[in-house]
Amino acid sequence: LDMADAAKHAFSGEANALDAIKLTVDGNEDEAEHLMVMGGIGFDAQLMENTDEKLKSVVGAGAYAASFIKNFDAPLRRLKYRMDDDHGRRYKKDNRKAALVLVANVAKLQAGFELIPQAKPNDGVLDLMMASPKGLGGWAKLLGKLLFKREAISMVSGQRLHIQMEEPTPYEIDGDTMGEGQDFVYEIVPDALKVIWNPKEALS
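Residues numbered from 1 in each chain as written. Predicted model: local features only at pLDDT ≥ 70, side-chain atom pairs only at ≥ 80, totals over all residues. Heavy atoms only, no water.

Student: Hey, could you run me through the overall build of the protein in this one?
Tutor: Helix and strand counts for the protein come out as five helices and ten strands. Considering the protein as a whole, with its 204 residues, one finds that 37% of them fall into the buried category. For the protein, restricting intrachain contacts to residue pairs at least 6 apart in sequence, the fraction spanning at least 24 positions comes to 67%. Looking at the protein as shown, the accessible area adds up to about 11,600 Å², and 51% of this sits on carbon and sulfur atoms. (Helix = DSSP H or I, 4+ residues; strand = E, 2+ residues; numbered from the N terminus. Buried < 20%, exposed > 50% of the residue type's maximum accessible area, 1.4 Å probe, protein only. Contact = heavy atoms within 4.5 Å. Areas by Shrake-Rupley, 256 points an atom, 1.4 Å probe, with all protein chains shown as cover.)

Next comes the structure, spelled out in structure tokens:
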């Protein structure tokens, strides 16, 4: 945010390549989108869709807490997924139920909370996190796992992820709600964007 510091880095800093994630919904290749941070299907899309923008401008991230109270009982949705990684290994799961489905290119949320520790925006893979909390008790248990790392959350990594929902489901990319879809293909796009940043800042 410092203009002089930004100018110095722009002319003398090193450009580092970051990955992007290409998302194709319901086979509409011509309307494919790209995300740089995270994309979600189900709960978090509902959360963002129902967040009051006026309240957000006043209390910031606290507005998401208000939206969470309205949406914590999001239904578990049945799905199938397949992840192929760069070593040819295949992770496949049929008839999984989940409320939270997140595809990540980075580890941290906006407030600095580390949600998916292994995710890096320059490692050539995307990371999938799924969870099936039920009610407030289930969400509290999930938060405890994330905060204290007491148990591993369901996560896999790879280059191409295919998710088929049993029914049309809301989704979001990088915090913007996009509508509903049923068939989702996420593909890593290595070295898609070059960015100059302060080398003293951690990449996450």
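So much for the structure itself; the text now carries on.
Student: Would you mind showing me how to read the side chain of Asp19 here?
Tutor: Relative to the assigned elements, Asp19 resides in strand β1 (residues 15–25). For the buried Asp19, no salt bridge is present, and the opposite-charge side chain at shortest range is Lys120, 11 Å distant. At a separation of 2.7 Å, a polar atom in the side chain of Asp19 contacts the main-chain amide nitrogen of Gly124. Engagement of the side chain of Asp19 in a polar contact is seen with the backbone nitrogen of Asp191, the distance being 3.0 Å. When near neighbours in sequence (up to four residues on either side) are disregarded, Asp19 contacts Met36, Asn105, Pro121, Asn122, Asp123, Gly124, Val125, Ile188, Val189, Pro190, Asp191 and Ala192. (Lys, Arg positive; Asp, Glu negative; His and termini not counted. Salt bridge = Lys/Arg side-chain N within 4 Å of Asp/Glu carboxyl O. Polar contact = N/O pair within 3.5 Å; in protein donor to acceptor, adjacent residues only side chain to side chain.)

Student: What's the story with the side chain of Thr24 in this structure? I'm lost.
Tutor: Take Thr24: it is sitting in strand β1. Judged by its relative accessible area of 6%, Thr24 falls in the buried class. Aside from chain neighbours lying at most four places away, what touches Thr24 is Glu29, Ala32, Asp183, Phe184 and Val185.

Student: What exactly am I supposed to notice about unusual backbone geometry here?
Tutor: Both trends apply: most residues other than glycine have a negative phi, and most peptide bonds are in trans. For Asp26, which is not glycine, the phi dihedral falls at a positive 55°. Despite not being glycine, Asp191 shows a phi value in the positive range, around 50°. Within the fold, Asp191 resides in strand β10 (residues 176–196).

Student: Looking at this structure, how should I read the pairing of strand β6 (residues 100–104)?
Tutor: The side chains of a regular strand alternate between the sheet's two faces. Counted residue by residue, β6 has five buried out of five residues, so it is predominantly covered. Alternating residues of β6 divide into Leu100, Leu102 and Ala104 and Val101 and Val103, and every residue in both groups is buried. Inspection of the sheet shows strand β3 (residues 38–42) paired to β6 by five bridges, in the antiparallel sense. Across the sheet, the residue bridging to Gly39 is Val103, located in β6. (Pairing = 2+ DSSP bridges.)

Student: I would appreciate a short explanation of the nonpolar core in the present structure.
Tutor: It is characteristic of soluble globular proteins that their nonpolar side chains tend to be buried jointly. Residues Leu128, Leu161, Ile163, Phe184 and Tyr186 are the most contacted members of the largest nonpolar core, which totals 23 residues. Residue assignment for this core shows that the elements contributing at least two residues are β1, β4 (77–84), β6, β7 (126–131), β9 (160–173) and β10. When residues in this core are grouped by element, the largest group, five residues, is from β9. Phe43, Leu100, Ala104 and Met129 belong to the second largest nonpolar core, which has twelve residues in total. (Core = buried A, V, L, I, M, F, W, Y, C linked by side-chain atoms within 4.5 Å.)

Student: Before we go on, may I ask you to explain the pairing of β9 in this structure?
Tutor: Pairing of β3 with β9, which is carried by three bridges, proceeds in the antiparallel orientation. Residue pairing in the sheet places Gly39 in a bridge with Ile173 of β9. One ladder, built from six bridges, connects β4 with β9; its direction is antiparallel. Of the residues in β9, the one forming a bridge with Leu79 is Met165. Connecting the antiparallel pair β9 and β10 is a turn made up of two residues, with Asp174 showing a positive phi of about 50°.

Student: What's the story with the environment of Asp174 in this structure? I'm lost.
Tutor: Among the structural elements, Asp174 can be located in the loop between β9 and β10. When the C-alpha atoms of Asp174 and Leu35 are compared, they prove to be 6.1 Å apart, with 139 residues separating the residues in sequence. In contact with Asp174, not counting residues within four places along its chain, are Leu35, Met36, Val37 and Met38.

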